[in-house]
Amino acid sequence: MSAEALPKTYDPAGTESRWQHAWETSGAFHPDPSAPGEPFSVVIPPPNVTGSLHMGHAFNTALIDTIVRFQRLRGKNVLCLPGTDHASIAVQTILEKQLKAEGQRKEDLGREAFLEKAWEWKAQSGGTIVGQLRRLGYSVDWRRERFTLDAGCSAAVIEAFNRLHEQGLIYRGEYLVNWCPASGSAVSDLEVEMKEVDGHLWHFRYPLSSGAGFLEVATTRPETLLGDTAVAVNPKDSRYAELVGQTLTLPLVGRTIPIVADDHVDAEFGTGCVKVTPAHDPNDFAIGQRHNLPLITVMAKDGSMNEAAGPFHGLDRFEARQAVVAAMEAEGFLVKVEPYRHSVPFSDRGKVPVEPLLSTQWFVKTEPLAARCREALENFDPRFVPERWSKVYRDWLTDIRDWCISRQLWWGHRIPAWFVVSETGGAITDTTPYVVARDESEAMAKAESIYGTGTHAHPLVLEQDPDALDTWFSSGLWPFSTLGWPDADAADLARWYPTSVLVTGFDIIFFWVARMTMMAGALMSAREGSGIPWIPFRDVYIHGLVRDEQNRKMSKSAGNGIDPLLLIERYGADALRFALVREVAGAGQDIRLDYDRKSDTSATVEASRNFANKLWNATRFALMNLGGQTPASLGEPDPAALQLADRWILSRLARVNRETAERYESYGLGEAAKGLYEFAWNEVCDWTIELLKRRLNPGDNPSPEALADQRTARQVLAKVLQELLVLLHPLMPHLSEELWHGLTGEPEGTFLALQPWPALDGAALNDGLEAQFAELIEAIRVVRNLRAVAGLKPAQPAPVQFVTGRGELAQLLQEATADITALTRAESVVVLDPAAAEAARGQRALAGVCGELQVLLPIEGLVDLDALKGRLDKDLAKAEKEIAGLAARLANPNFAGKAPPEVVAECQANLAEAQAQAELARRRLADLGG
RNA sequence: GCGCGAUUAGCUCAGCGGUAGAGCGCCUGCCUUACAAGCAGGAUGUCGCUGGUUCGAACCCGGCAUCGCGCACCA
């Protein structure tokens, strides 16, 4: 690319798609497991195929891609593996909704046709998502793309289920589960959300069987009284002590139920009597177990009342509630109704209250697995970043309940269990025997070994469990199923397991992180003897959520999501990525992305776009000034030829190189982004380029010295820019790739993405020089400020005088005279010692002080006296304020006595300087007055 | 109820023991041949409140307040 061909503003659209295409077709991110380099691997959290990606995914993507691109530059053998998740319940909900709109039910289609539709949906949604990920510039290996329901992942699920079952970690049984009537399936505890709702507390009287009165109970769910099998009181409650053991007659039903004593009951709450419905409430279930109470289920799986509900049979649970209350009132059992605000469990997906329902389901026995994970955590395995999330993880793994993994859904992994239905008259019942196997023939073999081969008239008949597995069961295998497990010899698995880091939001620590570690504990710990860790990732980097301008979590369901593509089209993928990463700071907090919904604009992303444009123009400047040369053809600058500004920026470059690498390495991504932004914009563009301009353009008939210096300036500019582009590449991959090619002239088949991280030039680091240069910058700023105060036109030259008694500073200014002239439009630059300045006293001049330096602009006749005085007054006030503070501190004997000597010394030095400043300002003011 | 986080400039957020910072916004002046998506200059804060530790606290410790989140949950 030539300088002339470069437009003045950066247009991301074409550039980004071109490099995305080039990277992918060249296989740049398709690693070879046998290639050299320390392995570094990440499996991406697979997005659900429920439509399209939102800003949260873009955020996650930006973070992961920054990390893996950095590691690639560091020479690691990097695998970043993409994929999507089948999201069993979510997708099925979507599809059923679609069917409903067409007046159909999934049963009308049948399982096979329904699954066909689901796969069609997957193809469409998955395609959209993959397109979005590509558009972000994700440097993943698309050739290894996976889907949780693909053949490999499915084989892994079957194997995992079998092994866990063999280990006794999976069992089937009848328990109270969270039943979602909307989706007609059991869900896990994690898929239940407690919501505060305004309800009622109904107080009912239950008559004692003896006829000697009543007990009063209160409930938020009157319909469940039909299934009551006891009333409980606290054993220490003297009011009811003698009633324990007696019985009541359950109203409407007429059943005789006992009064039991149980610690769970809070005597202080309400009347101290609790109706007990073991088949419809988890606490009551526990009470029922302790007291051997019968379980009476009064509700069907669709949320309606069943036969056991007698006259209420067929009513929906909420209709039944009203009907039961009415009946109770009619019979005189209703005491009162109070408004009552309480928590109700809702199904995450179905958006309806879940029903605790007795049901036969498959479970994972979690405690042994959780214990193993807790133990590993003692050794910081995995290591959470920020560390505080490890406590959240550990707490959840403590007192964990068994995990219900079966779902009455079609879309998902069908449970690899076969019922021997010939033993139970051809139907699957709760007592039908079953075998767990890898496939039907293995199941048959297993069944035959137990039940015999059957007879011709009564053959052994198997039927696979119709239910599917919880999606998170397969997601839990993701870090190893994607690498080839259960094939123990899989090259990818051998090379890249355990993965290096898992990057995900704190909202799925339980869903995913903990499930993955538990699954790995059961399935990968066999490798323990080999010395390879089984925990599926070394680090877990937890990030926050993207929130909208009103601080709400961005989500599709809330309708406040922002389509990342909208911002990408407007500002470019790099700008969006940079904006997202730059907002990340500190300890995994949420980030707020400002966004104007009316205009679809974002000031934050726009600022990043402007930064991209700044880099574009800096490179454009270089191309116009390197005389057609490249960094390689120019070569490294000769250290002996370097000027002050050269040595400064090279020192800064080396420091930024080191800092940036450290920040990328330690997940300080936001800091890395901010640091590079400041370095590039302020130090490279505002100072270095401005300082180099003069030397890059030596004018007509330049001297040999000027030509040599031009070459040095070109070398410095080329080196700084090229290195900066590498450091920025993880954050702005497309732009940096484009500019790097422009700068280096490398052919398309070579990629910045695969270059080595620039070696740290330790010799260039120079603290003293950087401090000195900061003084020079300050001096120039003071001059510019004085000019602005005086109202000088920018183009108008003015003489500049510096006064300082510090020889070293004087020498620095002397050396930089040409630079100062260029950057301050100085007519002349003179450096005086205080004695010489004394002789020149009385001249009309603008004066300013900075540190031990006095800056004078003697511009007779042009001076606005008031402005001049104002400036000096300001300087004086500032110095006096500082003097007051420092003097007070030093006057405190405790300070001198207890503070570290270097702090005291610094304080004294600062005081002396402030006093000198104040003195200078006073004398100048006096001069003006006279 | 238990736990976690936040509270700093108009906005979004850094800073986490030694005299308060950035970006955006705002004010002033500039189309200076890299960039007006820009350049130069400037203003802006009892660092939530309250005790304590310390020579010294935005920073450490105790309490309180407000907001947010997670877990648990009493019918």
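Conventions and cut-offs
Residues numbered from 1 in each chain as written. Chains lettered and ligands numbered in written order. Predicted model: local features only at pLDDT ≥ 70, side-chain atom pairs only at ≥ 80, totals over all residues. Heavy atoms only, no water. Pairing = 2+ DSSP bridges. Helix = DSSP H or I, 4+ residues; strand = E, 2+ residues; numbered from the N terminus. Axes fitted to C-alpha atoms, helices over the stretch in contact; angles between N-to-C directions. Contact = heavy atoms within 4.5 Å. Expected span 1.5 Å × (residues − 1). Buried < 20%, exposed > 50% of the residue type's maximum accessible area, 1.4 Å probe, protein only. Disulfide = S-S within 2.5 Å. Parallel < 35°, antiparallel > 145°, perpendicular 65-115°, else oblique. Left-handed = near helix turned anticlockwise from the far one by under 90°. Nonpolar A, V, L, I, M, F, W, Y, C, P; charged D, E, K, R; others polar. Phe/Tyr/Trp six-rings, centres within 6.5 Å; stacked < 30°, edge-to-face > 60°. Lys NZ or Arg CZ within 6 Å of the ring centre and 35° of its normal. Near = heavy atom within 4 Å. Polar contact = N/O pair within 3.5 Å; in protein donor to acceptor, adjacent residues only side chain to side chain. Core = buried A, V, L, I, M, F, W, Y, C linked by side-chain atoms within 4.5 Å.

J.: Can you lay out the sheet that holds strand 9 (residues 230-233) for me, pointing to particular residues and giving the numbers?
T.: Each strand in a sheet pairs with its neighbour through backbone hydrogen bonds, running either in the same direction (parallel) or in the opposite one (antiparallel). Ordered in space as 10-11-9-12, the four strands form an open sheet in which the pairing is mixed. A strand with exactly one partner marks an edge of an open sheet, and here the two such strands are strand 10 (247-249) and strand 12 (273-276). On average, adjacent strands in this sheet sit at an angle of 30° to one another, irrespective of strand direction. Bridge count between strand 9 and strand 11 (residues 256-261): three bridges; the pairing is parallel. Along strand 11, the bridge assignment pairs A232 with V260.

J.: Give a description of the environment of L890 that names residues and reports values.
T.: Looking at the secondary structure, you find L890 in helix 28 (residues 865-891). Once residues within four sequence positions are removed from consideration, L890 is found in contact with F895, V904, C907, Q908 and L911.

J.: Got a sec to walk through the sheet that holds strand 13 (residues 334-347)? Specific residues and values, please.
T.: Judged by pairing direction, the sheet is antiparallel, and its three strands sit side by side in the order 8-7-13 without closing on themselves. Edge positions in the sheet fall to strand 8 (214-219) and strand 13, since each has one partner strand and no second. Adjacent strand axes in the sheet meet at a mean angle of 20°, parallel and antiparallel pairs treated alike. Pairing between strand 7 (residues 192-207) and strand 13: 13 bridges, direction antiparallel. Bridge pairing in strand 13 places H203 opposite K336. Against the sheet, helix 8 (residues 317-330) touches strand 7 and strand 13, its axis set at about 20° to strand 7.

J.: Help me get a handle on helix 28, residues and values and all.
T.: In a regular helix each residue adds 1.5 Å, so 27 residues correspond to 39 Å; helix 28 covers 38 Å between its end C-alpha atoms and thus fits that length. For helix 28, every residue scored as buried is listed here: A867, L868, R871, L872, D875, L876, A879, I883 and L886.

J.: Would you mind going over the state of the cysteines in detail, with residue names and values included?
T.: Considering all chains together, one arrives at zero disulfides under this definition. Of all cysteine sulfurs in the structure, the one in C404 sits closest to C180, which takes part in no disulfide; the separation is 12 Å. We classify C404 as buried; its relative accessible area is 6%.

J.: Could you give me a rundown of the pairing of strand 7, with the residues and numbers involved?
T.: The pairing of strand 7 with strand 8 spans six bridges and is classified as antiparallel. Bridging from a neighbouring strand, F204 pairs with V217 of strand 8.

J.: Can you explain the packing of helix 18 (residues 603-625) against helix 22 (residues 704-728)? Please cite residues and give values.
T.: Contact geometry for helix 18 and helix 22: axes closest at 10 Å, N-to-C directions at 150°. On the basis of the axis angle, helix 18 is roughly antiparallel to helix 22. Helix-helix and strand crossings are classified by hand; for helix 18 and helix 22 the assignment is left-handed. Facing helix 18, whose interface residues are F611, L615, A618, T619, F621, A622 and N625, helix 22 presents R714, L717, L721, L724 and L728. Residues belonging to the contact of helix 18 with helix 22 are distributed by class as follows: nine nonpolar, two polar and one charged.

J.: Explain the packing of aromatic side chains to me, and be specific about the residues and the numbers.
T.: To describe a pair of aromatic rings, one takes the distance between the centres and the angle between the planes. Summed over all chains, the structure comprises 31 aromatic pairs. Residues W396 and F510 carry aromatic rings whose centres are separated by 5.2 Å and whose planes lie at 15° to one another, so their mutual orientation is stacked. Within this pair, whereas W396 is found in helix 10 (residues 389-397), its partner F510 is found in helix 15 (residues 509-523), the two being separated by 114 residues in sequence. Ring centres of F419 and Y434 lie 5.9 Å apart, and the angle between their planes is 70°; this geometry places the pair in the edge-to-face category. Remark: Y434 occurs in strand 19 (residues 434-436) and F419 occurs in strand 18 (residues 417-420); sequence separation between them is 15 residues. Among the residues examined, F419 registers a relative accessible area of 1% and is labelled buried. One aromatic cluster in this structure is built from F161, W362, W403, F419, Y434 and F473. Its end group placed over the ring of F346, K195 keeps NZ or CZ at 4.6 Å from the ring centre. The side chain of R515 reaches across the aromatic face of W403, ending 4.1 Å from its centre.

J.: I'd like to hear about the side chain of S481, residue by residue, with values.
T.: Take S481: it is sitting in helix 13 (residues 478-481). Each residue touching S481, except ones within four places of it in the same chain, is listed here: R146, C153 and A156.

J.: Describe in detail the protein's contact with RNA strand B, supporting the description with residues and values.
T.: Close contacts around RNA strand B come from 57 residues, with A218, F269, N283, R609 and E882 the closest. In RNA strand B, atoms within 4 Å of the protein come 58% from sugar and phosphate. A distance of 2.6 Å separates a phosphate oxygen of RNA strand B from a polar side-chain atom of K614. Between RNA strand B and N892 there is a distance of 3.0 Å, counted from a sugar or linking oxygen to a side-chain nitrogen or oxygen. Class assignment for the residues of the surface near RNA strand B results in 22 nonpolar, 14 polar and 21 charged.

J.: Summarise the packing of helix 9 (residues 367-378) against helix 15; cite the residues concerned and give the values.
T.: Geometrically, a packed helix pair is captured by the angle between its two axes and the distance between the axes. Interaxial distance between helix 9 and helix 15 falls to 9 Å at its minimum, and their mutual angle equals 100°. The pairing of helix 9 with helix 15 is recorded here as roughly perpendicular in orientation. In this structure, helix 9 contributes L369, A370, R372 and C373 to the contact, and helix 15 contributes T517, M518, G521 and A522. Classifying every residue of the contact of helix 9 with helix 15 by side-chain character gives five nonpolar, two polar and one charged.

J.: Which residues make up unusual backbone geometry, and what values go with them?
T.: Omega for the peptide link from V385 to P386 comes to -5°, which places this bond in the cis form. Within the fold, P386 resides in the loop between strand 15 (383-385) and helix 10. The linkage connecting W485 with the following residue, P486, adopts the cis geometry, with an omega of 15°. Inspection of the secondary structure puts P486 in the loop between helix 13 and helix 14 (491-496). Positive phi, close to 55°, is recorded for N292, a residue that is not glycine. Of note in this structure, F380 is not a glycine but carries a positive phi near 55°. In this fold, F380 is placed in the loop between helix 9 and strand 15.

J.: Now, about the environment of G628: what can you tell me, with residues and values included?
T.: Tracing the sequence through the fold places G628 in the loop between helix 18 and helix 19 (631-634). Among the residues examined, G628 registers a relative accessible area of 75% and is labelled exposed. For the pair G628 and G745, spaced 117 residues apart in sequence, the C-alpha separation works out to 9.9 Å.

J.: So, the nonpolar core: which residues are in play, and what are the values?
T.: Judged by nonpolar contacts, the single largest core of 155 residues is most densely connected at M55, Y541 and F802. The element contributing the most residues to this core is helix 21 (residues 669-696), with 14 residues. Sequence-distant contacts of Y541, that is, excluding residues within four places in its chain, are made with L63, I67, V385, V501, L502, V503, T504, V584, Y667 and L669.

None of this, on its own, says anything about what the molecule does.
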